[in-house]
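The primary structure of each chain is shown beneath.
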Amino acid sequence: MNGSTWRWLMASLALNAVLLGALLGGGWMLARSPAPAPIARLREAGNALSAGQQPRFRAMLRDTRIANRPLLDRAQQARTQAATALVARPFDREALGGALGRARIADLALRQAREAAIVRFAATLSPDDRAALAAGLRTTMLRDGRGEARAMQGAGS
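Residues numbered from 1 in each chain as written. Predicted model: local features only at pLDDT ≥ 70, side-chain atom pairs only at ≥ 80, totals over all residues. Heavy atoms only, no water.

## Re helix H6 (residues 127-141)
Residue pairs three or four apart in sequence face the same way in an α-helix, which turns once every 3.6 residues. If you check H6, its first and last C-alpha atoms are 21 Å apart, about what 15 residues at 1.5 Å a residue would give, namely 21 Å. Residues of H6 that are buried make contact with helix H2 (42-45), helix H3 (54-67) and helix H5 (93-122). (Helix = DSSP H or I, 4+ residues; strand = E, 2+ residues; numbered from the N terminus. Expected span 1.5 Å × (residues − 1). Contact = heavy atoms within 4.5 Å.)

Pasting the structure below:
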């Protein structure tokens, strides 16, 4: 082997070692990063329903979202105001607290509207479909960010 080939071989080995280290390090960091906060996917809960009820469930969720668009907009606007208040100089604790309160009120009202719509929908289901919806809600609402079931706090106490 002449000197030129030897240099290319060493450079190639060094580059491969750096790339392998970057890949392994990146994978390790991804594996150790905390899971994202669980997000309840009501639409996925309807997947447990019978084929005839799934489109009705999705339509109910869509209609509820459309009917409550002002609440969604109000909550988003309040969160934007909270973010603005958080970085404002001078810091205004009252403005931040008020914006967060308005966002919470709008979010709670939206949640109540969704829950009321689900109750109305469930009243139209057969017992088997209600059980399927309950199972779907249980699995979608009690998952962590990796899709694994979370233990219920205080269950059985």
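On we go from here.
## Digging into the nonpolar core
With 11 residues, the main nonpolar core is built from Leu 42, Leu 49, Phe 57, Met 60, Leu 61, Ala 117, Ile 118, Phe 121, Ala 122, Leu 125 and Leu 133. Elements with a minimum of two residues in this core: H3 and H5. The element best represented in this core is H5, accounting for 4 residues. (Core = buried A, V, L, I, M, F, W, Y, C linked by side-chain atoms within 4.5 Å. Buried < 20%, exposed > 50% of the residue type's maximum accessible area, 1.4 Å probe, protein only.)

## Remarks on unusual backbone geometry
With an omega of 0 degrees, the peptide bond running from Arg 89 to Pro 90 counts as cis. As for its placement among the helices and strands, Pro 90 is situated in the loop between helix H4 (69-87) and H5.

## Some details on the packing of H3 against H5
Their axes nearest at 10 Å, the elements H3 and H5 cross at an angle of 150 degrees. The angle between H3 and H5 falls in the class roughly antiparallel. Here H3 and H5 pass one another in a crossing that is right-handed. In this structure, H3 uses Arg 56, Phe 57, Met 60 and Thr 64 to contact H5, whose residues at the interface are Ala 113, Arg 114, Ala 117, Ile 118 and Phe 121. A breakdown of the residues in the contact of H3 with H5 according to their chemical character gives 6 nonpolar, 1 polar and 2 charged. (Axes fitted to C-alpha atoms, helices over the stretch in contact; angles between N-to-C directions. Parallel < 35°, antiparallel > 145°, perpendicular 65-115°, else oblique. Left-handed = near helix turned anticlockwise from the far one by under 90°. Nonpolar A, V, L, I, M, F, W, Y, C, P; charged D, E, K, R; others polar.)

## Re the environment of Gln 53
By the element assignment, Gln 53 lies in the loop between H2 and H3. For Gln 53, a relative accessible area of 16% puts it in the buried group. Between the C-alpha atom of Gln 53 and that of Thr 124, which follows or precedes it by 71 residues, the distance is 10.0 Å. Once residues within four sequence positions are removed from consideration, Gln 53 is found in contact with Phe 121, Leu 125 and Asp 129.

## A few points about H4
With 19 residues, H4 extends 28 Å between its outermost C-alpha atoms, agreeing within 8% with the 27 Å of an ideal straight helix rising 1.5 Å per residue. For H4, the complete set of buried residues consists of Leu 71, Ala 75, Ala 78, Ala 82 and Ala 85. One side of H4 carries all its buried residues, which in axial view fall inside an arc of 85 degrees. Looking at the buried residues of H4, the elements they touch are H5. (Arc of directions from axis to C-beta.)

## Describing the side chain of Asp 129
Take Asp 129: it is sitting in helix H6. Of the side chains with opposite charge, Arg 56 comes closest to the buried, unpaired Asp 129, at an N-O distance of 7.0 Å. Those residues in contact with Asp 129 that sit more than four places away from it in its chain are Leu 49, Ser 50 and Gln 53. (Lys, Arg positive; Asp, Glu negative; His and termini not counted. Salt bridge = Lys/Arg side-chain N within 4 Å of Asp/Glu carboxyl O.)

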